[in-house]
Amino acid sequence: MTRMGYQEEHEAFRRTVRSFLDREHEPNLAHYEKIGGLDRDFWRKAGAAGLLGLAHTGGGDFTYYAIAAEELGRSAGSATTGSSLMADVATYILIGHGTDAQKEKYLPGILTGEWTQAMPLTEPGVGSDATAITATARREGDAYVINGEKYFISNGAGANLLYVVAKTDPSRGAKGMSVIIVEADTPGVSQAKIPMIGWRQGDTGAVNFADVRVPVSNLVGQEGGAMKILMATFLEDRIQIAARCLGAASRALELTLDYVKQRKVFGQRVIDFQNTQFVLADCRADIRITETMVDTAMMRLREKQFTFEDGAILKLWATQMEGRVLDRCVQLFGGAGLMDENPIARMWTAARIQRIYAGTDELQKVAIARGML
Ligand SMILES: Cc1cc2nc3c(=O)[nH]c(=O)nc-3n(C[C@H](O)[C@H](O)[C@H](O)COP(=O)(O)OP(=O)(O)OC[C@H]3O[C@@H](n4cnc5c(N)ncnc54)[C@H](O)[C@@H]3O)c2cc1C
């Protein structure tokens, strides 16, 4: 069945992403486990395959980015290596709000994988309530001096191009927050990996800024304009997360089907229990509904009809759906579903992240409820 709103060029791109991940990602998992995550080589190859800077190379068609997200979700290895390519959502910030000089300087290297990006907003003491961040960017002549600590940042330990969110005017709350580009080798920047149980070899990092001095020309958009920039990026981010959940749930169902068809209990295959068939049917229905939601969301985004409330509903549904499907799949595997070496176990822990990062379930409900009040 052809997916709603997709053209042949989209499907060709899907094949490119899938074959890249099959070739360069899955077979190298043991290597990534050994070195503690993706290496620069992976990024360069992803750049050469045309998978980076999709906000630019996709000619403004978000479908390409959503496809990359769905395929990354499908790749069972991504449950180990984390959000990787998806940190590229930062390119939307550069394209949408960066100056010509910033684009000229960074875009070519983003496309080749020389620059890898991260968006440090969250802090050890501040997550959901983003406007309460304490990091500051103090103006001194023609420079900003940045101080603060950022935590749980995707690509945070390895990225060399950081779009830091800091208060340029702490007295103005949300309107005093700005996005400033910092190259990670600037004196005063330090990065470290945070060990996590989901995306175990993924790069979830801490970034510290101690009197980090950057030129004022590194400001992205307007001073005080961070929330506006982030809100615009949230729409794309919600869809890519949902697409990723869709890919992961679909792959988990395939892996589970293979398993229950060969595993025998009480002299019969696990799939021959009617309970198993009902559980698989629930998974299938969940996945099909989510597929329709993701494809509709992309169409609405293209028509500039996709709202913040739509994004909240999509993220809430898709992340919970992935959690439900993965939980059922683990159950059908029995004890084997909890073995560390089993991809389904990694996918189960990875699924748990989706309901927390980029706005928790509760924050999505707050946004949805607000529309009804
Ligand atoms: C793997 C991973 C990757 C991440 N990547 C990034 C990144 O790239 N950049 C970045 O800046 N951040 C990133 N984050 C941080 C992420 O966005 C935060 O973890 C998330 O926003 C929640 O913040 P918190 O962890 O501080 O939880 P808290 O804000 O402390 O929330 C604790 C609990 O309180 C609940 N709660 C909060 N407010 C309300 C409310 N109003 N009503 C009801 N309940 C509420 C929450 O839902 C949650 O259950 C990442 C996190 C993870 C785990």
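Residues numbered from 1 in each chain as written. Predicted model: local features only at pLDDT ≥ 70, side-chain atom pairs only at ≥ 80, totals over all residues. Heavy atoms only, no water.

1. A closer look at the site of the ligand
- The environment of the ligand is formed by 18 residues, the closest being T122, S128, F152, T360 and E362.
- Contacts to the ligand include A358, whose backbone N or O atom sits 3.3 Å from an oxygen atom.
- Between an oxygen atom of the ligand and a side-chain N or O atom of E362, the distance comes to 2.7 Å.
- Within the complex, the protein chains bury 64% of what would otherwise be the 970 Å² of accessible surface of the ligand.
- Given that more than half its atoms are within 2 Å of the pocket grid, the ligand belongs to the largest pocket.
- Among the secondary structure elements, those contributing two or more residues to the shell around the ligand are β3 (143-154) and α13 (361-370).
- Among the elements that take part in the shell around the ligand, β3 stands out by supplying three residues, more than any other.
- Split by residue class, the shell around the ligand holds 11 nonpolar, six polar and one charged. (Near = heavy atom within 4 Å. Polar contact = N/O pair within 3.5 Å; in protein donor to acceptor, adjacent residues only side chain to side chain. Areas by Shrake-Rupley, 256 points an atom, 1.4 Å probe, with all protein chains shown as cover. 1 Å grid on protein atoms, 1.4 Å probe; cavity = no way out; pocket = protein on both sides within 12 Å on 5 of 7 lines; lining within 4 Å. Sits in = over half its atoms within 2 Å of the grid points. Helix = DSSP H or I, 4+ residues; strand = E, 2+ residues; numbered from the N terminus. Nonpolar A, V, L, I, M, F, W, Y, C, P; charged D, E, K, R; others polar.)

2. Description of the nonpolar core
- If you look at the biggest cluster of nonpolar residues, it comprises 69 residues, and the most contacted ones within it are F13, F62, L85 and I239.
- Counting contributing residues, this core receives three or more from each of domain 1 (8-112) and domain 3 (227-370).
- Those residues in contact with F62, other than ones at most four positions away along the chain, are Y92, E236, I239, Q240, M298 and L301.
- With 21 residues, the next largest nonpolar core counts I110, V126, Y163 and M177 among its residues. (Core = buried A, V, L, I, M, F, W, Y, C linked by side-chain atoms within 4.5 Å. Buried < 20%, exposed > 50% of the residue type's maximum accessible area, 1.4 Å probe, protein only. Domains from an automatic or database assignment. Contact = heavy atoms within 4.5 Å.)

3. Remarks on empty space enclosed by the protein
- For the coordinates displayed, the defined rule picks out two cavities of 30 Å³ or more.
- Of the pockets and cavities examined, the largest cavity occupies roughly 80 Å³.
- Where the lining of the largest cavity is concerned, the elements lending two or more residues are α6 (78-81), α9 (226-262) and α12 (343-354).
- The element that contributes the greatest number of residues to the lining of the largest cavity is α12, accounting for three residues.
- Residue composition of the lining of the largest cavity, by class: five nonpolar, four polar and two charged.
- Here the lining of the largest cavity spans two domains, and each of domain 1 (8-112) and domain 3 (227-370) adds at least three residues to it. (Points joined across faces, edges and corners; volume = space filled by probe spheres on them.)

4. Comments concerning the environment of A242
- By secondary structure assignment, the location of A242 is in helix α9.
- Residue A242 is classed as buried on the basis of its relative accessible area of 0%.
- Put simply, A242 and C283 are 41 residues apart on the chain and 16 Å apart in space, counted from C-alpha to C-alpha.
- Residues contacting A242, with those up to four places away along its chain left out, are V294, L314 and A318.

5. A short note on the domain arrangement of the protein
- The assigned domain composition of the protein is domain 1 (8-112), domain 2 (117-222) and domain 3 (227-370).
- Contacts between the two partners involve 13 residues from domain 2 and, on the opposite side, 12 residues from domain 3.
- Of the roughly 1100 Å² buried at the junction of domain 2 and domain 3 (both faces included), carbon and sulfur atoms supply 73%.
- The partner of D340 in a salt bridge is R200, with the nearest N and O atoms 2.9 Å apart.
- Here domain 2 and domain 3 share one residue pair in polar contact (both at pLDDT 80 or more) between them.
- Residue composition of the side of domain 2 that touches domain 3, by class: eight nonpolar, four polar and one charged. (Buried area = accessible area lost by both parts, 1.4 Å probe. Salt bridge = Lys/Arg side-chain N within 4 Å of Asp/Glu carboxyl O.)

6. Some remarks on the pairing of strand β7 (residues 204-215)
- Here β3 runs beside β7; their pairing, made up of nine bridges, is antiparallel. Each bridged residue has a counterpart across the sheet, and for I153 the counterpart in β7 is G205.
- Here five bridges tie strand β6 (residues 189-193) to β7, and the two strands are oriented antiparallel to one another. Its bridge partner lying in β7, Q191 is registered against V207. (Pairing = 2+ DSSP bridges.)

7. Comments concerning the pattern of salt bridges
- With the rule as written, the count across this model stands at 26 salt bridges.
- The salt bridge partner of E8 is R15, with a shortest N-O separation of 2.8 Å.
- With its nearest N and O atoms 3.0 Å apart, the salt bridge here joins R324 to D286. Taken together, the residues span a long stretch of sequence, with R324 in helix α11 (residues 308-333) and D286 in helix α10 (residues 274-302) at a distance of 38 residues.
- Among the residues examined, R324 registers a relative accessible area of 29% and is labelled partly exposed.
- For D286, a relative accessible area of 7% puts it in the buried group.
- Through salt bridges with shared partners, a single network forms among R3, E11, R14, R18, E70, E71, E291 and D295.

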